[in-house]
Amino acid sequence: MTSLELAALLGLLGRARHIVIGTDAASRAEGEQIAAAWGGLVLATVTWPGTAASWLRQARRFAAPEPDAWVVAATPAGWAGMTRRLLLSTSWSPHRTIATSALEGFALPGLRGARADGTTWENR
């Protein structure tokens, strides 16, 4: 993750007071970078495997704290299964979720994020 991307991601969080960070195993270092840069409270950090039988346990841990915002650093493949489980089994909202540049092409209305060059994107 570039410093420009990290700054843009933090800017997207706006007035959030507390967040939950989610990563797949391949993106764990980015999640740690976000946690270190964030000035507010991190309610939880949840890491899920690239493949799993259901992702239910991780999805519940990710959604349960009801943060001001969720932050996701993951590969599209790692995020796909988790997204399905979040939508089916939790109160999670993509409209309150900020993602890293790796998920820019992920087709999920409401998801927004930051690119490596510091610009932002939003799925409508």
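Going by the structure above, here's the rest.
The structure reproduced in this document is the subject of the present report. In this text, all values refer to a predicted model and were calculated from it rather than measured experimentally.

## With respect to the pairing of strand 3 (residues 69–73)
Regular strands show a simple pattern: their side chains alternate between the two faces of the sheet.
Phase 1: Burial within strand 3 is extensive, with 5 of its 5 residues counted as buried.
Phase 2: Neither face of strand 3 is exposed, since Ala-69, Val-71 and Ala-73 on one face and Trp-70 and Val-72 on the opposite face are all buried.
Phase 3: Looking at chain direction, strand 3 and strand 4 (residues 97–99) are connected through 3 bridges and run parallel. In the sheet register, Trp-70 faces strand 4, and the bridge partner there is Thr-97.
Phase 4: Regarding topology, helix 4 (residues 76–89) serves as the crossover connection from strand 3 to the parallel strand 4, and that connection is right-handed.

## Side note on the packing of aromatic side chains
Phase 1: The final tally for this structure, using the stated rule, is 6 aromatic pairs.
Phase 2: Between Trp-48 and Phe-62, the aromatic rings sit 6.0 Å apart at their centres with planes inclined by 80°, giving edge-to-face as the arrangement. With Trp-48 in strand 2 (residues 41–48) and Phe-62 in helix 3 (residues 56–63), the pair connects residues that are 14 residues apart, well separated along the chain. With respect to class, Trp-48 is no different from Phe-62; both count as buried.
Phase 3: Aromatic rings pair up to connect Trp-48, Phe-62, Trp-70, Trp-79, Trp-92 and Phe-106 into one cluster.

## Some details on the sheet that holds strand 6 (residues 120–122)
Phase 1: What the 6 strands build is an open sheet, ordered 2-1-3-4-5-6; its pairing is mixed. Taken across any chain shown, the strands that pair with only one partner, and hence form the sheet edges, are strand 2 and strand 6. Averaged over neighbouring strand pairs, the angle between their axes works out to 20° when direction is ignored.
Phase 2: Sheet topology places strand 1 (residues 18–24) next to strand 2; 7 bridges connect them, and they run parallel. Each bridged residue has a counterpart across the sheet, and for Val-20 the counterpart in strand 2 is Ala-44.
Phase 3: Strands in contact with helix 2 (residues 28–37) are strand 1, strand 2 and strand 3; relative to strand 1, the strand with the most contacts, it is inclined by about 165°.

## As for the pattern of salt bridges
Phase 1: Taken as a whole and judged by the stated rule, the model has 4 salt bridges.
Phase 2: Across the salt bridge formed by Glu-66 and Arg-96, the nearest N and O atoms sit 3.8 Å from each other. Taken together, the residues span a long stretch of sequence, with Glu-66 in the loop between helix 3 and strand 3 and Arg-96 in the loop between helix 4 and strand 4 at a distance of 30 residues.
Phase 3: Glu-104 is the partner of Arg-115 in a salt bridge, and the nearest nitrogen-oxygen pair spans 2.8 Å. Placement of the pair is Arg-115 in the loop between strand 5 (112–114) and strand 6 and Glu-104 in the loop between strand 4 and strand 5, with a sequence separation of 11 residues.

Parameters and conventions
Residues numbered from 1 in each chain as written. Predicted model: local features only at pLDDT ≥ 70, side-chain atom pairs only at ≥ 80, totals over all residues. Heavy atoms only, no water. Buried < 20%, exposed > 50% of the residue type's maximum accessible area, 1.4 Å probe, protein only. Helix = DSSP H or I, 4+ residues; strand = E, 2+ residues; numbered from the N terminus. Pairing = 2+ DSSP bridges. Right-handed = clockwise from strand over helix to strand, strands pointing away. Phe/Tyr/Trp six-rings, centres within 6.5 Å; stacked < 30°, edge-to-face > 60°. Axes fitted to C-alpha atoms, helices over the stretch in contact; angles between N-to-C directions. Contact = heavy atoms within 4.5 Å. Salt bridge = Lys/Arg side-chain N within 4 Å of Asp/Glu carboxyl O.

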